[in-house]
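# Close look at the chain arrangement
Listed here are the chains, written in short residue letters.
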Amino acid sequence: MAASAHVSRIRSLYKRILVLHRFLPIHLRALGDQYVKEEFRRHKSAAPEDVKSFLSEWENYKDTMQAQVVESAGRQSGGLMFGADLPEEKLSQLQDEQIGQLYELMLESTKPNKQFDLHEDSR
(Lines give C-alpha, C1' and ligand atoms only; values in the text may rest on other atoms or scores of the structure.)
Protein backbone atom coordinates (compact mmCIF):
# COMPACT_ATOMS: atom_id res chain seq x y z
CA MET A 1 0.00 0.00 0.00
CA ALA A 2 2.84 2.41 0.83
CA ALA A 3 4.41 1.79 -2.57
CA SER A 4 1.22 2.74 -4.40
CA ALA A 5 0.92 5.93 -2.32
CA HIS A 6 4.52 6.80 -3.21
CA VAL A 7 3.87 6.23 -6.91
CA SER A 8 0.69 8.29 -6.69
CA ARG A 9 2.58 11.16 -5.03
CA ILE A 10 5.25 11.13 -7.73
CA ARG A 11 2.68 10.96 -10.53
CA SER A 12 0.72 13.85 -8.99
CA LEU A 13 3.87 15.99 -8.72
CA TYR A 14 4.83 15.17 -12.33
CA LYS A 15 1.39 16.10 -13.65
CA ARG A 16 1.22 19.31 -11.61
CA ILE A 17 4.57 20.47 -13.00
CA LEU A 18 3.40 19.82 -16.56
CA VAL A 19 0.22 21.82 -15.87
CA LEU A 20 2.27 24.72 -14.51
CA HIS A 21 4.45 24.63 -17.63
CA ARG A 22 1.35 25.61 -19.64
CA PHE A 23 1.87 29.14 -18.35
CA LEU A 24 5.41 29.37 -19.77
CA PRO A 25 6.19 30.85 -23.18
CA ILE A 26 5.81 28.10 -25.78
CA HIS A 27 9.54 27.49 -26.39
CA LEU A 28 10.26 27.28 -22.66
CA ARG A 29 7.26 25.03 -22.12
CA ALA A 30 8.51 22.57 -24.73
CA LEU A 31 12.01 22.64 -23.25
CA GLY A 32 10.71 22.32 -19.68
CA ASP A 33 8.32 19.48 -20.50
CA GLN A 34 11.08 17.55 -22.24
CA TYR A 35 13.46 18.08 -19.32
CA VAL A 36 10.90 17.04 -16.68
CA LYS A 37 9.96 13.90 -18.61
CA GLU A 38 13.61 12.88 -19.01
CA GLU A 39 14.45 13.55 -15.36
CA PHE A 40 11.47 11.62 -13.97
CA ARG A 41 12.16 8.75 -16.35
CA ARG A 42 15.86 8.75 -15.38
CA HIS A 43 15.01 8.52 -11.67
CA LYS A 44 12.47 5.69 -11.95
CA SER A 45 14.98 3.17 -10.62
CA ALA A 46 17.03 5.50 -8.41
CA ALA A 47 18.20 4.57 -4.93
CA PRO A 48 15.80 5.56 -2.11
CA GLU A 49 18.20 8.18 -0.71
CA ASP A 50 18.43 9.80 -4.16
CA VAL A 51 14.66 9.73 -4.59
CA LYS A 52 14.15 11.70 -1.38
CA SER A 53 16.32 14.63 -2.52
CA PHE A 54 14.97 14.34 -6.09
CA LEU A 55 11.39 14.73 -4.87
CA SER A 56 12.31 17.53 -2.49
CA GLU A 57 13.92 19.57 -5.27
CA TRP A 58 11.03 19.00 -7.66
CA GLU A 59 8.53 19.95 -4.91
CA ASN A 60 10.50 23.19 -4.44
CA TYR A 61 10.41 23.78 -8.19
CA LYS A 62 6.65 23.19 -8.29
CA ASP A 63 6.08 25.57 -5.37
CA THR A 64 8.23 28.26 -7.01
CA MET A 65 6.46 27.88 -10.36
CA GLN A 66 3.06 27.98 -8.69
CA ALA A 67 3.92 31.16 -6.78
CA GLN A 68 5.25 32.80 -9.96
CA VAL A 69 2.12 31.85 -11.93
CA VAL A 70 -0.13 33.33 -9.24
CA GLU A 71 2.04 36.46 -9.03
CA SER A 72 2.00 36.89 -12.82
CA ALA A 73 -1.77 36.46 -12.94
CA GLY A 74 -2.19 39.22 -10.36
CA ARG A 75 0.02 41.69 -12.22
CA GLN A 76 -1.87 44.27 -14.28
CA SER A 77 0.91 45.07 -16.73
CA GLY A 78 4.17 43.59 -17.87
CA GLY A 79 4.93 40.15 -19.14
CA LEU A 80 5.26 36.88 -17.36
CA MET A 81 8.31 36.57 -15.16
CA PHE A 82 9.65 33.11 -14.36
CA GLY A 83 12.84 31.83 -12.85
CA ALA A 84 14.98 32.26 -9.77
CA ASP A 85 18.63 32.73 -8.97
CA LEU A 86 20.56 29.63 -7.98
CA PRO A 87 22.24 30.24 -4.62
CA GLU A 88 25.98 29.61 -4.45
CA GLU A 89 25.49 26.97 -1.72
CA LYS A 90 23.14 24.93 -3.93
CA LEU A 91 25.50 25.24 -6.88
CA SER A 92 28.41 23.95 -4.80
CA GLN A 93 26.36 20.85 -3.85
CA LEU A 94 25.79 19.81 -7.46
CA GLN A 95 27.72 16.96 -9.03
CA ASP A 96 29.70 17.54 -12.24
CA GLU A 97 27.01 15.83 -14.33
CA GLN A 98 24.33 18.08 -12.83
CA ILE A 99 26.38 21.20 -13.53
CA GLY A 100 26.75 20.03 -17.12
CA GLN A 101 22.99 19.54 -17.40
CA LEU A 102 22.35 22.96 -15.91
CA TYR A 103 24.77 24.54 -18.37
CA GLU A 104 23.13 22.79 -21.34
CA LEU A 105 19.71 23.88 -20.12
CA MET A 106 20.91 27.48 -19.79
CA LEU A 107 22.36 27.43 -23.32
CA GLU A 108 19.18 25.97 -24.78
CA SER A 109 16.85 28.37 -22.98
CA THR A 110 18.81 31.48 -23.96
CA LYS A 111 19.76 30.82 -27.57
CA PRO A 112 18.12 33.06 -30.16
CA ASN A 113 17.20 30.27 -32.58
CA LYS A 114 15.01 28.01 -30.51
CA GLN A 115 15.29 24.25 -30.98
CA PHE A 116 11.51 24.00 -31.12
CA ASP A 117 9.70 25.68 -33.98
CA LEU A 118 6.32 25.93 -32.28
CA HIS A 119 3.79 28.68 -32.67
CA GLU A 120 1.58 30.10 -29.95
CA ASP A 121 -2.10 29.38 -30.34
CA SER A 122 -3.71 32.67 -31.43
CA ARG A 123 -7.18 31.99 -30.03
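See the structure printed just above.
Residues numbered from 1 in each chain as written. Predicted model: local features only at pLDDT ≥ 70, side-chain atom pairs only at ≥ 80, totals over all residues. Heavy atoms only, no water.

## Comments concerning the layout of surface pockets
Approximately 1,800 Å³ is the volume found for the largest pocket. What lines the largest pocket is a set of 41 residues, among which Tyr 35, Glu 57, Tyr 61, Leu 86 and Leu 102 lie closest to the centre. Every element with two or more residues in the lining of the largest pocket is listed here: α2 (26-42), α3 (48-74), α4 (88-93) and α5 (96-110). Here the element with the most residues in the lining of the largest pocket is α3; it accounts for 11 residues. Each residue belonging to the lining of the largest pocket can be placed in one class, and the counts come to 20 nonpolar, 14 polar and seven charged. Approximately 370 Å³ is the volume attributed to the second largest pocket. Contributing to the lining of the second largest pocket are 14 residues, with Ile 10, Phe 40, Arg 41, His 43 and Lys 44 lying nearest its centre. Within the residue set of the lining of the second largest pocket, elements represented by two or more residues are α1 (2-20), α2 and α3. Broken down by element, the lining of the second largest pocket gets its largest block of residues, five residues, from α1. A class-by-class count of the residues in the lining of the second largest pocket yields eight nonpolar, two polar and four charged. (1 Å grid on protein atoms, 1.4 Å probe; cavity = no way out; pocket = protein on both sides within 12 Å on 5 of 7 lines; lining within 4 Å. Points joined across faces, edges and corners; volume = space filled by probe spheres on them. Helix = DSSP H or I, 4+ residues; strand = E, 2+ residues; numbered from the N terminus. Nonpolar A, V, L, I, M, F, W, Y, C, P; charged D, E, K, R; others polar.)

## Looking at the pattern of salt bridges
As enumerated under the stated definition, the model contains five salt bridges in all. The residue Asp 33 makes a salt bridge to Arg 29 at a minimum N-O spacing of 3.6 Å. In this pair, Asp 33 and Arg 29 both sit in helix α2, four residues apart, roughly one turn of the helix. Using a relative accessible area of 13% as the deciding quantity, one classes Asp 33 as buried. The closest approach of N and O atoms between Glu 59 and Lys 62, which form a salt bridge, is 3.5 Å. (Salt bridge = Lys/Arg side-chain N within 4 Å of Asp/Glu carboxyl O. Buried < 20%, exposed > 50% of the residue type's maximum accessible area, 1.4 Å probe, protein only.)

## Some points on the packing of α1 against α3
For the pair α1 and α3, interaxial distance at closest approach is 10 Å and the crossing angle is 35°. Crossing angle aside, the handedness with which α1 passes α3 is left-handed. Every residue of α3 that contacts α1 at His 6, Arg 9, Ile 10, Leu 13, Arg 16, Ile 17 and Leu 20 is listed here: Val 51, Leu 55, Trp 58, Glu 59, Tyr 61, Lys 62, Met 65, Gln 66 and Val 69. Looking at side-chain class alone, the contact of α1 with α3 contains 10 nonpolar, two polar and four charged residues. (Axes fitted to C-alpha atoms, helices over the stretch in contact; angles between N-to-C directions. Left-handed = near helix turned anticlockwise from the far one by under 90°. Contact = heavy atoms within 4.5 Å.)

## Side note on the packing of aromatic side chains
As enumerated under the stated definition, the model contains six aromatic pairs in all. Relative to Phe 54, the ring of Phe 40 lies with its centre 5.1 Å away and its plane at 70°, an arrangement referred to as edge-to-face. With Phe 40 in helix α2 and Phe 54 in helix α3, the pair connects residues that are 14 residues apart, well separated along the chain. Residue classification places Phe 40 among the buried residues on the basis of a relative accessible area of 9%. When its relative accessible area of 10% is taken as the criterion, Phe 54 is described as buried. Of the aromatic side chains, those joined through ring pairs into one cluster are Tyr 14, Tyr 35, Phe 40, Phe 54, Trp 58 and Tyr 61. (Phe/Tyr/Trp six-rings, centres within 6.5 Å; stacked < 30°, edge-to-face > 60°.)

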